[in-house]
Every structure is written in structure tokens, then in C-alpha cells.
Amino acid sequence: MGASQNNRIGVVITTILCLFLPLVISGPHPEVVFDDSVGFGRTFEGIGGLSGGGATSKLLVNYPKKQRDQILDYLFKPNFGASLQIFKVEIGGDAQSTDGTEASHMHNSWDENYNRGYEWWLMKEAKLRNPNIILYGLPWGFPGWIGQGTRSPYANVNVTADYVVRWINGAKKYHNLTIDFVGIWNEKHYDITYIKTLRDLLDKRGFENTKIIAADGKWQIAEDMLKDSGLTKAIYGIGCHYPGTTSSKSAVTTGKPLWSSEDYSTYNDLQGGGCWARILNQNYVNGLMTATISWNLIASYYPSLPFFRDGLMTAVEPWSGNYSVDSPIWLTAHTTQFSSIGWKYLSHNAGVGKLPKGGSYVALASPVGNQLTIVIETMTHDHSRCIRPALPKYSVEPQIVTITLKGSYAPITEMNVWYSRLDFTGAPSTFFERKETLKFKVGMANIHLGLDEVITLTTLSVGQKGSFPKAPPSAPFPLPYKDDFETYTQFQEPFHLTPQTGSIEVVKSQNASHGLVARSTVIHPPLSWCSGITLSFPFAVIGDYNWKDIFVEIDFNIPPVNATSGVFIAARVDQGGCKSWGAHGIFMFIQRSKFFVTNDLARTSEIDSGFFPHQLSDTWHRISLYVKSNTASGAIDGQALFNVTIPTKPANGFVAIGTDDFGLADFDNLLITSHTDGLFKMKSYFHHNDLKFVPEKH
């Protein structure tokens with residue numbers, strides 16, 4: 001055993017002994033003072049999570065109820081897990097907004113529906129567990145009609161304000177949800193006239209208590225607020241994304257509440273958890289930010305989509321029920337389980353600040369009852385994943401400090417202790433353990449602080465590390481997979497199908513034999529949030545990114561009105577998210593009388609094409625695609641179309657369905673199965689046409 005390892009074990013033992021055995025004041029140590037007699041700092045406004053930006057909770061709704069309820073308890077139930085105090089959601093706009101698209105409540109100006117998507121359900125589940133949770137809505141993209149012929153949502157500010165206020169009204173009218181805060185346009189340019197118009201319309205329609213956070217980008221709006229009293233009046237608080245724990249001088253000068261309205265965006269391993277712990281303290285220590293919201297709430301989207309596992313916890317297997325409770329859940333609990341919105345931060349250097357040898361501390365005081373919570377963090381690791389921008393590096397050393405309670409807290413004789421320690425050596429970490437109370441003598445106690453620790457000292461007796469039986473074991477996406485869409489309610493989004501552009505929802509078919517079907521609903525290109533996207537076909541991915549050899553088929557119908565010109569199915573699709581327009585794979589496009597086989601969604605790499613004898617009409621058809629090794633084969637209505645050699649890249653990817661432009665299309669009877677099972681079907685299609693089928697063409 002090396003000397004350095006001996007030293008590290010010594011530090012750990014010293015930490016345990018000094019912190020959690022009865023303490024005796026001995027020897028001078030740096031003093032950290034907590035004193036309310038000098039006044040208070042700003043009002044604490046909560047810690048939250050963000051569902052959206054986009055489709056980050058997509059797989060959660062598909063979970064078996066038992067595991068789904070457990071997950072929701074870990075996120076929202078007070079004094080159990082993360083105990084979140086703010087819940088922010090995307091106001092869906094049918095546009096790709098990171099990992100998928102979320103459905104708009106108004107696909108078109110004549111269309112209004114508040115049963116689409118899963119954010120309504122998720123907000124109600126959050127409120128069911130915590131009636132005091134704050135709700136916050138923000139658009140990423142907008143349906144195309146909002147642009148009034150342009151690519152901007154500000155072409156007619158009255159139209160856009162009406163669209164957003166209708167969503168707020170729909171939340172109340174149809175779901176009894178009060179939206180407490182609303183934003184402008186995620187990480188895009190803001191329009192001052194629009195902000196004022198939105199405030200006026202909220203007031204006129206009875207939503208005076210719905211406050212505006214602007215502009216969900218950087219701090220620049222503060223400069224305009226200092227010049228424009230009307231803008232300042234319209235805005236409740238300034239929301240910045242990924243502030244790196246600092247705020248601008250102008251933002252502070254406005255006197256408005258400052259929020260980190262989107263933060264974290266980091267892989268939720270130990271390093272990511274350490275990043276989150278630093279952020280939660282230092283956003284206020286360095287930047288006076290009184291609310292911090294994690295992107296995202298829960299990593300519940302397919303692995304290999306962008307920013308995988310950037311959530312507070314992970315749930316990506318609804319078919320197995322497997323999920324994991326990750327480190328950020330318990331590091332959040334150190335603050336949320338022992339404070340409430342409306343508590344006050346103590347003043348800097350009298351309860352808020354940096355520790356002498358690195359790390360930080362904040363103290364939160366109840367407005368009544370003289371309760372006090374202190375949160376200390378000593379994160380040391382190179383948290384380079386604390387992105388956009390990375391948090392500044394600084395050294396932290398083990399240290400002993402004297403906690404001194406003054407003012408109304410001087411009579412306190414003991415505080416409850418909750419402890420977490422992240423171990424980066426591979427040994428087990430410690431999360432949210434209750435330790436022996438810390439005793440104070442004449443308002444003073446020494447405390448030994450080790451490395452990579454989070455410690456909560458609190459006068460509150462609440463606090464619980466909630467737990468459930470171990471989640472079911474992990475399992476691959478099940479094959480064969482079938483969905484006839486008959487088990488859904490109307491307007492529900494089909495399970496597992498994850499739109500990357502546009503929207504898919506279950507509707508009633510005009511053909512009685514097909515019952516409920518999945519409709520691609522978007523007829524005009526949405527106003528995209530993703531930079532650089534000028535065109536993208538509506539499509540959805542499904543399944544396992546590691547699939548190589550696969551068979552997929554589906555029924556489709558192109559209606560006579562507002563219709564797309566064609567549909568496609570695909571295998572080995574290698575891209576989702578904002579880069580989905582650059583996706584490669586094996587794509588089989590079907591138009592009115594022609595088919596294309598391409599190596600990319602954009603149809604720039606054609607492999608084969610041709611015509612089939614009958615034109616598609618307003619009737620149902622079935623298309624089939626078989627991919628095995630370096631060969632792809634396709635059929636329509638049981639008639640073989642092609643058997644071609646395909647490129648070796650990509651070698652694997654998702655299955656996908658979609659349309660080849662914007663417009664309506666209906667799908668039914670989705671089947672995905674192994675290449676072995678699919679081989680028999682494809683052979684029969686070629687035999688029917690009296691054609692030779694070569695499953696592996698060389």
C-alpha cells in the first residue's frame with residue numbers, strides 16, 4: 001500500500017472521527033460565522049428540473065406504473081429524494097429541440113388541443129406529490145403558422161402572445177394547473193415589444209400572477225432593462241442559462257431576482273454530481289442567483305441521442321422497468337429537503353461565502369420559527385464537464401473550521417447532520433446519510449471538512465433518504481415489437497416512437513378496419529430551435545441504436561387533404577436531435593408511384609430507385625424493409641421492389657418511420673423483428689413476384 005493511499009485513508013478516518021463524534025472545542029481554527037443580526041440576503045426561490053428541450057422525459061410515461069410512481073417520488077415527493085421545488089416544461093412547438101420534438105397545442109391556427117404530449121400528465125404528477133411546486137413554461141420552437149410567412153415568432157407579436165397565453169389558459173381549464181412563470185424563447189433573441197405584449201395579454205386574460213422570466217439566454221437583457229422602465233416592469237426576474245456561477249453587474253443592478261433558469265447539462269456520474277453540488281451553492285455565493293434549474297429533469301430518452309444521461313436520474317428502459325437513482329438526486333436533497341421557497345439567504349460573510357481552504361457554504365433561514373439550514377460543499381475534482389462554460393478550477397484542501405452561531409442562532413445547542421462524500425478512487429461513495437448531531441458550546445463547534453463532501457447542518461428534524469426495492473434488471477429492447485395503436489387514447493403520443501421533427505399522435509381512422517392509427521400531423525415546417533436547420537422531414541426513431549440486421553414494416557395511408565407526398569421507413573439510422581437532418585442509414589422512400597432507396601435522410605446518396613405499377617391512392621398500403629449485412633430488400637403490399645447492395649456505414653442504428661415532406665400521413669400495424677424472422681417474410685414477397693431473393697448480396 002503506497003504512502004499516498006495511506007494518507008488518503010488517514011484523511012477519511014480523520015473526517016469521520018472529527019465530524020461525527022462528540023466535538024470539543026480545542027485550538028484556534030478559521031471561523032465561519034452565521035449571524036442574522038446583520039440582516040439577510042436575497043430570498044431563496046427554489047431548485048428545479050426541466051422536462052423538455054426536448055423530449056427528455058419521452059420514455060418515462062411508458063414505464064409500468066409501479067416503477068413510474070417510484071421514479072416520480074424520487075423526483076418530486078417532499079423529504080424523500082430530490083424534493084424538487086420548481087418544475088419547468090417545454091411548451092411544445094412541433095420542432096426539434098435537442099433529443100426530439102414535443103407536440104404543440106396548436107399545430108395550426110384553427111387547431112387547439114390540450115390532450116397532446118406528456119407534459120400535462122407530468123405536471124399533474126408533480127403537483128400530486130408536492131402541491132407547492134412551482135410550474136414554469138417556456139417555448140423552444142413554434143409551429144410554422146406562428147411565423148406568418150417568416151421564420152420568426154415575432155412577425156406578429158399579438159399572434160405569438162395569444163398562442164402562449166392559450167397554453168397557460170389550457171393548463172388551467174383542462175388540467176387545473178396554475179402556471180407560475182413563463183419564458184420568452186429558449187436561448188434565442190428576444191423582442192422587447194413581444195415581452196410587453198405578453199405581459200399585457202396575461203393581465204387582460206386574468207393571469208396577473210403568472211410572472212415572466214426573461215430571456216432564458218445570457219444576461220444581456222439586463223442592459224435593455226436598465227434603459228427601459230416598461231420592460232423592467234414587465235419582467236419579474238432575469239433567467240440566464242449556464243452562467244458558470246456568475247452574474248453580470250448590470251443584472252445585479254436591476255435589483256430583479258436572478259435565476260439560473262437552465263444549468264448543469266452534465267453526465268450524471270460522480271463527476272457530474274460534484275459539478276451539480278458546486279453549482280447549487282456557488283450560483284448564490286458568486287452570482288446571487290436564487291433559483292437553479294437542471295437540464296434535464298430525468299434522462300429518459302434513448303441512449304445515443306444527444307447529451308445522454310444529462311438528467312438528475314436515468315430511466316431509459318420502460319420495457320424492463322429498469323432505472324437508476326443517480327448522484328444528483330441526493331446532492332439536490334441536501335438543500336431541498338431542509339429549505340423552502342421564501343426562506344432567506346443570510347448575508348455574505350455572515351452565512352454565505354467561500355471556505356478558507358476552498359469550497360463554499362450557504363445558510364438559509366426560515367421567515368418564521370427561527371430555523372436554520374447550512375449547506376457546505378468541498379468539491380475538488382476537475383469538473384470540466386460543468387459545461388457552457390466550465391466552472392473555474394480552484395484548489396480545495398482538508399480543513400477544520402469553527403462554526404460560530406451569532407444573533408438569534410447563538411442559543412442553538414445542536415444541529416442535525418446529513419452527509420455525502422463522492423469517492424473518485426472506485427470505492428463506494430456515501431450519499432445522504434444522517435450522522436450524529438453536531439453539538440455547539442456557547443454557539444461554537446469545530447468541524448473537519450474533507451474533500452468532495454456535501455454536508456447539511458440543520459435545525460429541522462425532517463429529512464429522509466427514500467428507497468424502494470431494487471429496480472428490475474436491465475433488458476434490451478424487445479423483439480419482435482408490434483404496435484397496432486389500439487390501446488391508446490386519442491391524441492396520445494405512441495410509446496417508444498420518438499419524433500425528431502414534427503409530431504405523431506393517435507387518432508381515429510376514417511377506415512373502420514384500422515381503428516386507431518398513428519398520424520404524422522404537421523403540415524408546415526415549424527420554426528426550428530436548432531441552429532442551421534433549413535429543412536427536415538417529419539420522422540420518429542425507435543428501438544436500439546445497436547441494431548444492425550433488422551426487419552421493419554408498417555401500414556400507411558396518405559389522405560386526400562393536406563397530405564404528404566410520400567412516406568419512408570428506415571434502419572440503421574445514426575443521428576437524432578439537432579443533427580438529424582444529417583442522418584445516415586438505409587431509407588426506403590415511397591411516393592405516389594416511385595420508390596427511392598438512399599443512404600441518408602436528405603436523399604443525397606441514392607442507392608436505388610424505380611417505379612411500381614400502381615399509383616398510391618387514398619387506401620392503405622404496407623411497406624417492408626429488410627436489412628442484413630451488406631444487403632437491403634424492400635416490398636410494397638407484398639410485392640418485391642428491390643434487393644440491393646448497401647454501404648457498410650452506418651453499421652448500426654435506430655429504426656425510423658416518417659414522411660418525405662410536411663403533410664398528413666397515417667400509420668398502423670408497426671412490426672419490427674429480427675432479420676431471421678424477417679427473412680421468411682421477405683422471401684415470400686420475392687417468391688410472389690417470381691423474383692430471385694438473395695439475402696446477402698456480394
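Residues numbered from 1 in each chain as written. Predicted model: local features only at pLDDT ≥ 70, side-chain atom pairs only at ≥ 80, totals over all residues. Heavy atoms only, no water.

Digging into the confidence of the model for the chain
Logical step 1: The predicted model of the chain averages 92 in pLDDT, with 92% of residues at 70 or higher.
Logical step 2: When mean pLDDT is compared element by element in the chain, strand β6 (residues 181-182) scores highest at 99, while helix α1 (residues 3-20) scores lowest at 38.
Logical step 3: Between residues 1-26, whose pLDDT stays under 50, and residues either more than four places distant or in other chains, the model counts 33 contacts. (pLDDT = per-residue confidence, 0-100. Helix = DSSP H or I, 4+ residues; strand = E, 2+ residues; numbered from the N terminus. Contact = heavy atoms within 4.5 Å.)

Details of the sheet that holds β6
Logical step 1: The eight strands lie next to each other as β3-β4-β5-β6-β7-β8-β9-β10, forming a closed barrel whose pairing is parallel.
Logical step 2: Bridge count for strand β3 (residues 46-51) against strand β4 (residues 86-91) is four bridges, and the pairing is parallel. Within β4, the position partnered with Gly49 by the bridge is Phe87.
Logical step 3: The strands touched by helix α4 (residues 157-175) within the sheet are β4, β5 (134-139) and β6, with β4 carrying the most contacts at an inclination of about 130 degrees.
Logical step 4: Running at roughly 155 degrees to strand β7 (residues 211-217), helix α5 (residues 192-204) makes contact with β6 and β7 of the sheet. (Pairing = 2+ DSSP bridges. Axes fitted to C-alpha atoms, helices over the stretch in contact; angles between N-to-C directions.)

Topic: the pairing of strand β29 (residues 584-590)
Look at any regular strand and the pattern is simple: side chains alternate between the two faces of the sheet.
Logical step 1: Here β29 lies mainly inside the structure; six of its seven residues are buried.
Logical step 2: In this sheet, β29 lies alongside strand β28 (residues 567-573) in antiparallel orientation, the contact comprising five bridges. What sits directly across from Val567, in β29, is Ile590.
Logical step 3: Strand direction decides the pairing type here: β29 and strand β30 (residues 594-600), joined by five bridges, are antiparallel. Bridge assignment links His584 to a residue of β30, and that residue is Asp600.
Logical step 4: Hairpin connection, β29 to β30: the antiparallel pair is bridged by three residues. (Buried < 20%, exposed > 50% of the residue type's maximum accessible area, 1.4 Å probe, protein only.)

Side note on the state of the cysteines
Logical step 1: This structure, assessed with the given rule, holds one disulfide.
Logical step 2: A sulfur-sulfur separation of 2.0 Å characterises the disulfide bridge that pairs Cys530 with Cys578. Judged by the sign of its S-S torsion, about -70 degrees, the cystine formed by Cys530 and Cys578 is left-handed. With Cys530 in the loop between β25 (516-520) and β26 (539-542) and Cys578 in the loop between β28 and β29, this residue pair connects regions lying 48 residues apart in the sequence. (Disulfide = S-S within 2.5 Å.)

Notes on the side chain of Thr314
Logical step 1: Relative to the elements of secondary structure, Thr314 occurs in strand β11 (residues 314-317).
Logical step 2: Here the side chain of Thr314 touches Asn268 through a polar contact of 3.1 Å, side chain to side chain.
Logical step 3: Of note is the side chain of Thr314, whose polar atom sits 2.7 Å from the side chain of Asp326.
Logical step 4: In contact with Thr314, not counting residues within four places along its chain, are Asn268, Ile298, Ala299, Arg309, Tyr323, Ser324 and Asp326. (Polar contact = N/O pair within 3.5 Å; in protein donor to acceptor, adjacent residues only side chain to side chain.)

Quick look at the packing of helix α9 (residues 270-287) against helix α10 (residues 327-336)
Logical step 1: Between α9 and α10, the shortest axis-to-axis distance is 8 Å and the interhelical angle comes to 20 degrees. One way to sum up the angle between α9 and α10 is to call them roughly parallel. The handedness of the crossing between α9 and α10 is right-handed. Between α9 and α10, the residues in contact are Leu270, Gly273, Gly274, Trp276, Ala277 and Leu280 and Ser327, Pro328, Leu331 and Thr332, respectively. (Parallel < 35°, antiparallel > 145°, perpendicular 65-115°, else oblique. Left-handed = near helix turned anticlockwise from the far one by under 90°.)

Some remarks on the pattern of salt bridges
Where side chains of opposite charge bring their charged atoms close, a pairing between them can arise.
Logical step 1: Here the structure, examined in full by the defined rule, presents 22 salt bridges.
Logical step 2: Ionic pairing is found between Arg129 and Asp69, a salt bridge with its closest N-O pair at 3.4 Å. In this pair, Arg129 sits in helix α3 (residues 119-129) while Asp69 sits in helix α2 (residues 65-76), placing the two residues 60 residues apart along the sequence.
Logical step 3: On the basis of relative accessible area, Arg129 is assigned to the buried category, the value being 15%.
Logical step 4: Note that Arg129 and Asp73 form a salt bridge whose closest N and O atoms lie 2.7 Å from each other. Here Arg129, found in helix α3, pairs with Asp73, found in helix α2; they are 56 residues apart in sequence, far enough to count as distant.
Logical step 5: Of the residues examined, Asp73 reaches a relative accessible area of 13% and is grouped as buried. (Salt bridge = Lys/Arg side-chain N within 4 Å of Asp/Glu carboxyl O.)

Re unusual backbone geometry
Logical step 1: Between Leu479 and Pro480 the backbone carries a cis peptide bond, its omega angle lying at 0 degrees.
Logical step 2: As for its position among the elements, Pro480 is in the loop between β21 (453-458) and β22 (481-483).
Logical step 3: A cis amide bond links Lys649 with the next residue in sequence, Pro650, at an omega value of -5 degrees.
Logical step 4: Locating Pro650 in the fold gives a position in the loop between β34 (639-645) and β35 (654-659).
Logical step 5: Of note in the backbone geometry, Arg309 takes a positive phi value of approximately 65 degrees without being a glycine.
Logical step 6: Note that Arg309 resides in the loop between β10 (289-295) and β11.
Logical step 7: On the basis of relative accessibility, which here comes to 18%, the residue Arg309 falls in the buried class.
Logical step 8: A positive phi angle, close to 55 degrees, is found at Ser629, a residue other than glycine.

What about the environment of Lys594?
Logical step 1: If you trace the backbone, Lys594 turns up in strand β30.
Logical step 2: Leaving out residues up to four positions away in the same chain, Lys594 has contacts with Phe589, Ser609, Gly610, Phe611 and Phe612.

Structural notes on the sheet that holds β30
Logical step 1: Sheet architecture is open: seven strands sit in the order β23-β26-β35-β28-β29-β30-β31, paired in antiparallel fashion. Edge positions in the open sheet fall to β23 (498-501) and β31 (606-611), since each of these has one partner strand only. When strand polarity is set aside, the average angle formed by the axes of neighbouring strands in this sheet is 20 degrees.
Logical step 2: Summarising the sheet, β26 and β35 pair through four bridges and their orientation is antiparallel. Within the sheet, the bridge partner assigned to Ala540 lies in β35 and is Ile657.

What about the side chain of Thr101?
Logical step 1: Inspection of the secondary structure assignment puts Thr101 in the loop between β4 and α3.
Logical step 2: For Thr101, a relative accessible area of 1% puts it in the buried group.
Logical step 3: Engagement of the side chain of Thr101 in a polar contact is seen with the backbone oxygen of Gly502, the distance being 2.5 Å.

A few points about the packing of α3 against α4
Logical step 1: At a minimum axis distance of 12 Å, the contact between α3 and α4 shows a crossing angle of 60 degrees. Classified by the interaxial angle, the pair formed by α3 and α4 is oblique. For the pair α3 and α4, the crossing hand works out as right-handed. Contact residues: Trp120, Met123 and Lys124 in α3; Trp167, Ala171 and His175 in α4.
Logical step 2: A breakdown of the residues in the contact of α3 with α4 according to their chemical character gives four nonpolar, one polar and one charged. (Nonpolar A, V, L, I, M, F, W, Y, C, P; charged D, E, K, R; others polar.)

Some details on the layout of surface pockets
Logical step 1: Roughly 330 Å³ of volume is contained in the largest pocket.
Logical step 2: If you trace the largest pocket, you find 18 residues lining it, with Pro78, Gln85, Thr336, Ser339 and Ser340 closest to the centre.
Logical step 3: The residue inventory of the lining of the largest pocket, partitioned by class, reads nine nonpolar, nine polar and no charged. (1 Å grid on protein atoms, 1.4 Å probe; cavity = no way out; pocket = protein on both sides within 12 Å on 5 of 7 lines; lining within 4 Å. Points joined across faces, edges and corners; volume = space filled by probe spheres on them.)

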